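An overview of the molecular structure
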Amino acid sequence: MSQSLPIQLPLGSPIPPISSHAISVSLPSWLDNIGYEEADPEVITKLKSGYPRFVYHAKVKLLCAFFEKKLALPSESCLVFRSRRIAQECRDFICIQVARLAPPPSGTEPQPKTPTKPPARIAEYTLSSSLQSFSALDASKPAPAAAPAPAPIYLHVVLFAKSWAPVAKQFWQHSGEGISSRFAEHALRIIESNERALSLEAGRSNGRAPQNPYYKASQFKNSSAVALQQLQSSIDRDQELFLDERFGRNLNLAFGAPAKAVLRKRIAGILGDSMDGSDELLEQLSQPAEPETAAGAAASRSSRLPESNVFLFSTGMSAIYNSHRLVLRLFPGLKSVQFGFPYLDTLKIQQKFGPGCHFLGHGSPNDLDHLVNDILPNEPISAVFCEFPSNPLLRSADLARLRSLADQYGFLLIIDDTIGNFVNVAAIDYADVVVSSLSKIFSGDSDVTGGSLVVNPSGRHVERILATLHEIYEDTVWIEDAIYLERNSRKNRERIQIIDSNAERLCEFLHGHPKVVQLFYPKYTDREIYDRFKRPQGGYGGLFSVVLQDEQQASRFYDHLHVAKGPSLGTIFTLASPYAILAHYGELDWAKSFGVDRHLIRVSVGTENYDDLERTFREALDSC
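Attention here is on the structure that accompanies the text. Because the structure is a prediction, the values reported are computed rather than measured.

**Digging into the environment of Cys357**
Take Cys357: it is sitting in strand 8 (residues 357–360). Note on Cys357: relative accessible area 17%, which makes it buried. Cys357 sits 23 residues away from Leu334 along the chain, and the two C-alpha atoms are 8.6 Å apart. Discounting residues that sit within four places of it in the chain, Cys357 has contacts with Lys335, Ser336, Leu347, Gln350 and Gln351.

Spelled out as structure tokens, the structure:
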């Protein structure tokens, strides 16, 4: 499964370069990352993709532009969501943030809690196709009789003043509840098919020959197709379809539901990573399951994690956001605790949604003592959120002690095991809920997003958790994303073992290097704690962070490191980024106070040949 190191990609290139749904983007130099954070036009104008929660995909922008033209006032922008609940939460978030930013009234009048006129509103839209088929076939010809009409899709459009677009973007980023690029592409195909149908009908009624389905914007001067064409992605659709079909990536959308079933089973450990996920298996899974006897169900639960305890989400951050919704429902009005320095938006969710949180950002024994001696005796809490290990410092929390405290004081323990992953660490044995980003090592290909929330069947609160989840859960995972995720994840155990081995050997090389000031990796960071919760055959993961002497050395090392460079992690190819600059550019001093240095470089190791990897890192170190 090993592969060659990739060629150095130009600034702004999608990572991977052959996918129009890539979820990373090339930022090959240190200054490129700074330029990205400072919105330098020389950098921003070259970006052809970006991490989907931070950069709106071209297809998403295209769909929003369509609805902005169709529904918005001249002073408004909009975002599109798949659920009314999500749209309402976006609207409420905007209203709350606007109220907080509003200037205090003059005189002695009390400040209103909300604006007198809500700054956001919701429109609902049903999108149904006028044609039986919206493929690249000649739309002037009737579709085959057996071709079913695409099912309608229901869209919920949040419209807001353009001045509040940055606030709406915060909700998109923090919650992870935005639509995916593949879903936007599907909606756009329906819109385009309807435009063709209208054109054909108009042509027939006027006695003219039907127009070619590959229309030009000039044919629709008074149509919304003008806006669509003006914002059309630079990647040609025919090329996308060719690549998908050439590499066997196109599956019938009917496989969406069984693909989700396979994913839940795979995550639960029932079928395992050796399962080949064949079409025949998917077809079998699409059939109704035979009822399970009570005795069989009890025996099954005693030996495995039920797939019914696995919930899928459109992104890893959506899984975290919804675990927080779960906590707010079960423990209304109580603050949570963030234990350890987490990935950016995990903390933002707890701070901006609900009553707030206690931030114990070092995740140290002293922080644990502070939780035990100062917080818990004086204030009930709803949950402790922690990562195992943490990102980017790879620190490991004492899960057993946190579990004991959770049982004693009745709060939930929510563990994010994205970095450790469920192949390497046994977080589920200690957590009430485990959340993971399936976009990362579970997928590996960096071309689809997804997340999971898994409920510990032996947890103290399992019945309340499952009952509440069934009340609040919505499956918003787009079926094409599920199909890709299922295909990508078939060999994830084998992939993880290769990556674990590469990362451990590379860190052994770096650990003794004279130019390396600090190396953060579970084998060298809190190893005694990590080993207690590592699975017997598990490794130390594929992520590490390295700190050199100063920013000048770090930038030279980064610029001469010939691997893919951009946001994200858990890819089958090695991927590096100056983490603090990308994640905390506006709060670098704050991040440094918790040990995240400005010139820290985070590296996600891939499946490349190890000797090539070590040579590449040695040459980069020699350059500085």
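**Regarding the environment of His362**
Inspection of the secondary structure puts His362 in the loop between strand 8 and helix 14 (365–375). Sequence-wise, His362 and Pro342 are 20 residues apart; in three dimensions their C-alpha atoms are separated by 9.7 Å.

**Quick notes on helix 12 (residues 316–330)**
Taking 1.5 Å of rise per residue, the 15 residues of helix 12 would be expected to cover 21 Å, and the 21 Å separating its terminal C-alpha atoms lies within 8% of that figure. Most of helix 12 is tucked away: 13 of the 15 residues are buried.

**Some details on the packing of aromatic side chains**
The tally for this structure, following the rule as stated, stands at 30 aromatic pairs. With a centroid separation of 6.3 Å and 45 degrees between ring planes, the pair formed by Tyr521 and Tyr524 is classed as tilted. Between the aromatic rings of Tyr521 and Tyr540, the centroid separation amounts to 6.2 Å while the plane-to-plane angle is 55 degrees, which identifies the pairing as tilted. Highlighted residues: Tyr521 in the loop between strand 13 (518–520) and helix 20 (527–533) and Tyr540 in the loop between helix 20 and strand 14 (543–547), separated in sequence by 19 residues. Residue classification places Tyr521 among the buried positions, given a relative accessible area of 0%.

**Examining the sheet that holds strand 12 (residues 451–455)**
On the basis of which strands lie adjacent, the open sheet formed by seven strands has the order 6-12-11-10-9-7-8 and mixed pairing. Whereas interior strands pair on both sides, the edge strands pair on one side only; in this sheet they are strand 6 (310–313) and strand 8. This sheet shows a mean twist of 20 degrees between the axes of neighbouring strands, independent of strand direction. In the sheet, strand 7 (residues 336–339) pairs with strand 9 (residues 383–387) via three bridges, with the strands oriented parallel. Opposite Gln338, over in strand 9, you have Phe385 as the bridge partner. Contacts from helix 15 (residues 399–409) reach strand 7, strand 9 and strand 10 (412–416), with the element oriented near 150 degrees to strand 10.

**Describing the pairing of strand 7**
Consecutive side chains along a regular strand alternate between the two faces of the sheet. In strand 7, alternate side chains face the same way, and those of Ser336 and Gln338 on one face and Val337 and Phe339 on the other are all buried. Here strand 7 runs beside strand 8; their pairing, made up of four bridges, is parallel. Looking across to strand 8, one finds that Val337 is bridged to His358. In this view, the connection linking strand 7 to its parallel neighbour strand 8 by way of helix 13 (residues 344–352) has right-handed handedness.

What counts and what doesn't
Residues numbered from 1 in each chain as written. Predicted model: local features only at pLDDT ≥ 70, side-chain atom pairs only at ≥ 80, totals over all residues. Heavy atoms only, no water. Helix = DSSP H or I, 4+ residues; strand = E, 2+ residues; numbered from the N terminus. Buried < 20%, exposed > 50% of the residue type's maximum accessible area, 1.4 Å probe, protein only. Contact = heavy atoms within 4.5 Å. Expected span 1.5 Å × (residues − 1). Phe/Tyr/Trp six-rings, centres within 6.5 Å; stacked < 30°, edge-to-face > 60°. Pairing = 2+ DSSP bridges. Axes fitted to C-alpha atoms, helices over the stretch in contact; angles between N-to-C directions. Right-handed = clockwise from strand over helix to strand, strands pointing away.

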